[in-house]
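Observations on the model geometry
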Amino acid sequence: MKTLFHDKIDREYPVRDFVKYVWNFDENDHPDLRLKIRSFIPRPAAVDTYNDAPNGVLCYPHLAAITDALLTHLFPAPIVRAVQSNVIFVRDASARGGYTSFQPDWKWRNLQKLKNRPWEWLLLFAEVGRAKAAKAPSAKDVRPKNVQESTPKSRKRKSPDSKDDVVEPSPKRRKQATVSPQEAQTAKYLNEMLSHGIRSFASGFFIRNRDMHLWYGDRMGLVKSCVFNWQKEPALMALVFAAFGTANLMQLGISPFLEFSPTSPAFESYEGGHIVLPASEVVIGDDQERPSEDMVFKIDTTRRVWTDWGAVGRGTTIVPLEAIGVAAERLGTEALVAKMAWPHAHRTSEEKSIRIVRSKLQQKAPSYLRHIVDLKCFVTRNMAEMGLPRAFIGIELPEEDKRDFRLMVMKKYESLECIEGVGEFKTVFEHVVRAHHWVSTTSGVLHRDISTGNIMFYRDAEGHVVGMLCDWDLAGEQLSDTEYEEDDDRMFHVRLVPKEVPTTTTDAQDNVVLTIKQQDGTSQTIKVPGQAITEKRPPRPRYRTGTGPFIALDMLLDAEPPLHHYRHELESFFFLLSYVCAVFDPEKHEFGSFSAWERSNLADVATAKLAFYMNWNSFESTFDHTHKDFGSLVDEWVMPLWELFSSAARMRRDIDALVRSRDRHASKGVDGMVAELDVEIGLLMTAWRKTITYEAFMDCLGLPLLYPQIRHVLLAMSQSLQLCDKIHRDFPVEKFVRHVWNFEVKDHPTQGPKIKTFVPDPTAVRLYNQAPDGKSCYPHHAKITRALLTHLFSAPIVSPEQSTVVQDHSAVAREHMPSKLALTWNTKVWPQIRLWEWMPLYTEVMMERVTKVAGDEDFRRLLQGDDAAITPQQTCEKRKFSASDSDDDGRSPKRRKVLDLSSTETRAAMHLSEMLFQGIRSFASGFFVRNSKMQLWYADRMGLVQSCAFDWQLRPDLMALVYAAVGNANLGQLGIIPFLQFPPMSQTLKNYEGARIVLPANEAVIGDGQERLSENMVFKVDATRKVWVDLSVVGRGTTIVPVKAIGSAVERFGRESLVVKMAWPDAHCAAEERLICLVRVQLRQKAPSYLRHIVDLKCFVTRNMEEMGLPRAFMNIELAEDDRRDFRLMVLKKYEELECVEGVGEFKTVFEHVVRAHHWVLTTSGVLHRDISAGNIMFYRNAEEHVVGMLCDWDLAEEQPSDVEYEEEDHQMFHVHPVPKEGPTSTTYAQGNVVPTLKRDGTPQTMKGPGQPMPEERPSRPRCRTGTGPFIALDMLLEDEPPLHRYRHELESFFFLLSYVCAVFDPANHRFGPFSAWEQGSLDDIASAKTLFYASEKCFKSSFDHSHEDFRVLACEWVKPLWELFSDADRRRGDVAALVRSCDRHASQRKDGMVAKLDADIGLLMTAWRKMITYETFMDCLGLPLHLPTDPTCPSCDVPVS
């Protein structure tokens, strides 16, 4: 108590003001009591007996007799007090509570049963003490003061700043180092009262001998009145007891929201109690609606009311409830709880955090909504609105100490202790970790209080547990990376050289003058007219939030805690997991004691956690008493996480040591060592920051990063963000229908009149418009569309695909989208099939509240043929494209580049992305209905097209046109690839059973010989294998379809398993099939033994956009040449993925095969692959079941540049400016002769060449950073403009691939684990990780800490020699760069001799650097011979060398 309240007690508050503002009692408002108060004098005999009592125990009965007489004097029968309470002498028994057992001397309560004395029903407390003193005076010596003089004016409770209310100024809070024993004794009673029951505050009094003072306590601290002598001033004592007697429950501290039935005045149980939320204040759910009448909830007495321990703080109270009346109608009848708390007023409220979190999850990851608390309704009040005495007593309170009251009604969840076994705990833990990550990702909110009390669960309809992340009252916003990096520097006391900050002044013309100091000591002045300078970012407040056993170690070690980071949350999850495994008893459903982490002193907790990380014995002993069921979880989950977090703790220790060493060298002036240590500190800090990530955490748990459906959502969202400059907007509706779905009204004379005469049912439209949300409007919209389809395709006329519209809200169960699809176009949709793969078209309907929609009057005018009902603003013809609507050659607008997509565009783009992600498509299309507006959408591999928006209620003919077009379209016109054909009798599109890929004879080219056939090539789609589609919208969109040859194709290709690879590469790039043919032809001539390692191309077809019938080719939309794409289809032999190798031996064989084959491809045909990765290296098994490595996917390949281009490019990369070779200058005479002039020995020589043009300068090659992140060479990542791709980059990619496989491949499960340092973040982050991988041997070794034992041997045998080779080359590269900088510095000082010497050194070093990474050195590190006996350069080779 002394520690908790040392700065939380306000003392010496005037007694009368205390009574007035705490208990709301003014004697002038009670004339019947005023005379009794002033006339009261205690019986002298009772006073003498009390004074003569030798100790406190003997004095209690006498004081009780005095107070009983006082109550009888004030409230004689039959007067009934507000609460029939009495002072009860309870010294002989302790008060019962949920935390401790104390013995207050008196209680003010109305329950007379002394056997049951819970704190929950205590209204006031009293403590009586005796102190040794001089002889007490007798009653005759006691003379009461004249109370008439100090009688205040009559007044109600008012704020102390009221003009008619003069309050004696009270002193500010006195901060004392210690609290007296008497104050601590009283404080513990107030603390217990506030730790039980549904209270706003607590109060009571303390009597010591003849002195009496009053006490008040709330969630912000305690208030102690002035001391008065109750024997000399009995009127003050009578005033206090009169206040007690007239106070109601709220004035005695009970929550104003708690109400009891009038027939149950006794305050002794919650039977008949209700929580009543006023209609004017309560806000319902995420939509922030307000009810029309009060929300009433009945307290569920079968469950316990729980209050957090402690007086000062949030004081969270959980009340079990049942909704009744209006509340039951709005919120249902499920079990609820009311959470009442007093959080800081300046903090973001919990209900706001929950609403933000839920809103963002609803938009971006709705499947995780079920793991976030379901907020039903809430109420917020400040102190004054709650009637809290502190708001009126006039005591100064710092802003950071002020608190507001918040009440939230939520669904009831089960505490973590109630789980049944380790399996359910694992499920709950996984749920909350994933949900927490997605909250951070989508809304940038950190929970900041991960603990066993805040993780709960419920059981769904099937009885499965669903984990819940509760209690968001300490949640805070995630900060920027810059702020976190600055905070890390502060934490380690890294004294980095500060960046030059401009000083600012203002001249007479109010121009801002910036003075910036340059590195050479000079200053530069910049004048900014009238522009204000951005102020420095204010420092962030720092809080050590959380629950002791689960607070991250970083938060405990520093006196000033660091800013809260996501890694701290993950560490809290780890401590929670360790805690549960260590002390949870699943049989008793309770947590045991973990004393080392549960100490009150956080420094002791930090010491224990540091030992837990650094000392194996300490870690192991933590789980000595683990329940047998949780023992396996320690090995499975806790141990890998402990290795991860202990490694991070050791890295932190190493950084501390390096910083101390740096400071020591800096103090000695050793600048060279300081610079070296600065680099090492920076690299180690970068690695330390990236150690604790969600990816690494989930990898330790052996869990996938994403649920499959969430992976699709994330990819769809990321793709939609890439479409910001790929959308063509406001395309005319009629032209859209004509070009996308190939439909014109003139070609369908039967349906033309039906389109023009369609009018939707006004009743259905009215019901649709009145629907409050999308879910409610779906049935009405479906009814309108069904009527439209019946109108268009009445029997016996049907649409070619027998399509129907299905209204099924449960359809989203199988669709990986964060939205609710109301209408799903599908061919005879089966309820169990809800896959994007079989959805020819999509439709989404949204309903948002708008100010006005089309009503009955508009439809009445339409029915009467009143064209005035259609306003110009509601017709797309009146837009800017009306002039070109009738002209097929008219140009639609250019692409409009915008920074962001609107919410509607984002949702539509995500739907179209999903359709292109799945299935064998050329394009995707659909329409988006938002209220009464309708828009059509189209997407292909070059971007999106959006039509004009039109009002389908005012232009139903346009709506009918759209549905007629879709209903008449065949599969090809709905986007399905034209080479895909289904059986004629098949009338459902639900799987690939019977589907075929048909290549026309006049287009299909056979293999390397470029032969064409006389008949179509037919391949049956293998429905037993999966169709794979590249997850990209704009791009190549590679699709792999497993097939089997049938008919004549079997005669040409046999019966082996095949695949069809379809893609849309850039039209200007070299075709993959051409490069494969080139490579295979050259290998067949020069190194035929390596043909078996290059993909076996069976046949291929190439088409441009027009030949594919792609709508974009006919829409007259301007498209840049570099954005154009062609369609390419190749039939290839099927190979196995690299993950399918059996053990390290087979992997070594495959790796050697592809390295040798890659070398011979370059040697024979000069082609670079440019995308070496784990996905592009495959294998097959030959007749002897031996693996044969294959180098696949040549779609990024290109021919190798010349040596001259490489040398020039190296000089450019290092910014070397060599002396250029003398080239001729040329002029042209009148006769058209070109006259070149060459300089020889300083003299010009002229030669005349008749009419021959001089060769033009070689155009610069385009520079592209190609490849897959984890395997891209470091040179390609470091430069803003990547260098030309060369063979050494390919070899480096092979090295990164080898390191990756050895580090993360699991041969038992045939899968690659995550390598977060090379797979996460931007390419700059990957470059930093790879730089550290080369520079630090410790980092290199740690990369293989989790390697499989078989591949750890390979890391020593192959990876280590290659690492030494490439790291040495990287250091040489740094040496060249250092020499170039030195040369430039000397050149600026005109030291020509030193410049010439350095130029020579640079040339020699660059030559040596270029020769370091070669095929010979690479194979030497692997310990493999350069040539095999079958190689053409080997003397024993029988193959002739060209």
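None of the values given here were measured: they were computed from a predicted structure.

Describing the overall build of the protein
Within the protein, the regular secondary structure consists of 37 helices and 55 strands. Out of the 1442 residues belonging to the protein, those deemed buried represent 53%. Taking the intrachain contacts of the protein between residues at least 6 apart in sequence as the baseline, contacts between residues at least 24 apart amount to 69%. Surface exposure of the protein reaches about 64,800 Å², of which carbon and sulfur atoms provide 51%.

Notes on the sheet that holds strand S49 (residues 1187-1191)
Across the sheet, three strands lie side by side as S46-S48-S49; this open sheet has antiparallel pairing. The sheet is open, and its two borders are formed by strand S46 (1136-1137) and S49, each paired with just one other strand. In the sheet, S46 pairs with strand S48 (residues 1177-1181) via two bridges, with the strands oriented antiparallel. The residue of S48 that forms the bridge with Glu1137 is Met1178.

A closer look at the nonpolar core
Core analysis: the biggest nonpolar cluster contains 102 residues, and Phe429, Trp472, Phe574 and Phe697 have the highest contact counts within it. Counting residues per element, this core draws most heavily on helix H15 (residues 628-667), which supplies 16 residues. If we skip the residues at most four places from it in the chain, Phe574 touches Phe612, Tyr613, Val638, Leu641, Trp642, Phe645 and Phe697. Ranked by size, the runner-up nonpolar core spans 92 residues in total, among them Val1187, Trp1194, Phe1333 and Phe1340.

Looking at the packing of aromatic side chains
Applying the stated rule across the entire model yields 67 aromatic pairs. Taken together, a centroid distance of 6.1 Å and an interplanar angle of 15° make the contact between Tyr579 and Phe594 stacked. Of this pair, Tyr579 sits in helix H12 (residues 566-583) while Phe594 sits in the loop between strand S27 (590-591) and helix H13 (602-614); the two residues are 15 residues apart in sequence, bridging distant segments of the chain. Judged by its relative accessible area of 9%, Phe594 is buried. Across from the ring centre of Phe575, 4.0 Å away, lies the NZ or CZ of Lys609, which sits over that ring.

A word on the environment of Phe125
In this structure, Phe125 sits in strand S4 (residues 124-129). Taking C-alpha positions, Phe125 is 9.0 Å from Thr186, a pair spaced 61 residues apart along the chain.

Quick notes on the sheet that holds strand S20 (residues 455-459)
Within the open sheet, the three strands sit side by side as S18-S20-S21. Their pairing is antiparallel. Two strands close off the open sheet at either side, each with one partner strand: strand S18 (414-415) and strand S21 (465-469). Here five bridges tie S20 to S21, and the two strands are oriented antiparallel to one another. Pairing of Ile455 across the sheet is with Leu469, part of S21. Strands S20 and S21 of the sheet are contacted by helix H9 (residues 421-443), whose axis makes an angle of about 40° with S21.

Focus: the pattern of salt bridges
Taken as a whole and assessed by the stated rule, the structure comprises 57 salt bridges. A salt bridge links Lys1338 to Asp654, with the nearest nitrogen and oxygen atoms 2.4 Å apart. One end of the pair, Lys1338, is in helix H34 (residues 1337-1342); the other, Asp654, is in helix H15, and 684 residues separate them in sequence. We note a salt bridge from Arg1156 to Glu1152, for which the minimum N-O separation is 3.0 Å. With a gap of four residues between them, Arg1156 and Glu1152 both fall in helix H28 (residues 1143-1165), about one helical turn apart. Salt bridges linked by common partners bring Arg314, Lys339, Glu350, Asp471 and Asp473 together as one network.

Things to note about the confidence of the model for the protein
Confidence in the prediction for the protein averages 78 pLDDT; 76% of positions are at 70 or higher. No element of the protein has a lower mean pLDDT than strand S30 (residues 823-827), at 37, and none a higher one than S49, at 96. Low pLDDT, under 50, characterises residues 850-899; the predicted model gives this stretch 86 contacts beyond four residues in sequence or across chains.

Here's the deal with the environment of Arg1052
Residue position: Arg1052 is located in helix H26 (residues 1048-1053). Measuring from C-alpha to C-alpha, the distance between Arg1052 and Lys1098 comes to 8.7 Å, with 46 residues separating the pair along the chain.

A look at the pairing of S21
Within S21, five of the five residues are buried, which leaves the element mostly enclosed by the surrounding structure. Neither face of S21 is exposed, since Val465, Gly467 and Leu469 on one face and Val466 and Met468 on the opposite face are all buried. Here S20 folds back onto S21 in antiparallel fashion, the turn holding five residues, of which Gly463 has a positive phi close to 85°.

What counts and what doesn't
Residue numbering note: each chain is counted from 1, following its sequence as written. Reporting in this predicted model follows two pLDDT cut-offs: at least 70 for local features of residues, and 80 or more for side-chain atom pairs to be given and counted; totals over whole chains, interfaces and linings ignore these cut-offs and use all residues. Side-chain calculation: all heavy atoms of the structure are included, whereas hydrogens and water are not. Where helices and strands are cited, they refer to DSSP runs of H or I of at least four residues and of E of at least two residues respectively, numbered from the N terminus. Burial here depends on accessible area, computed with a 1.4 Å probe over protein chains only, as a share of the maximum for the residue type. Under 20% is buried, over 50% is exposed, and the range in between is partly exposed. When checking whether two residues touch, look at their non-hydrogen atoms; a contact exists if any pair is within 4.5 Å. Areas reported here follow the Shrake-Rupley algorithm with a probe of radius 1.4 Å; residue values treat only the protein chains shown as occluding. Being paired, for any two strands, means DSSP has found at least two bridges between them. What makes a nonpolar core is a set of buried Ala, Val, Leu, Ile, Met, Phe, Trp, Tyr and Cys residues whose side-chain atoms join them at distances within 4.5 Å. Only rings of Phe, Tyr and Trp enter the pairing, Trp through its six-membered ring, and a pair is recorded when the two centres are within 6.5 Å. The plane angle decides the type: under 30 degrees is stacked, over 60 is edge-to-face, the rest tilted. Two conditions define a charge sitting above a ring: the NZ of Lys or the CZ of Arg must be within 6 Å of the ring centre, and it must be within 35 degrees of the ring normal. To obtain an axis, a line is fitted to C-alpha atoms, over the contacting stretch when the element is a helix, and the angle between two such axes runs from 0 to 180 degrees between their N-to-C directions. What makes a salt bridge here is a side-chain nitrogen of Lys or Arg within 4 Å of a carboxyl oxygen of Asp or Glu, nothing more. Looking at any residue, its pLDDT shows the predictor's confidence there, from 0 to 100.

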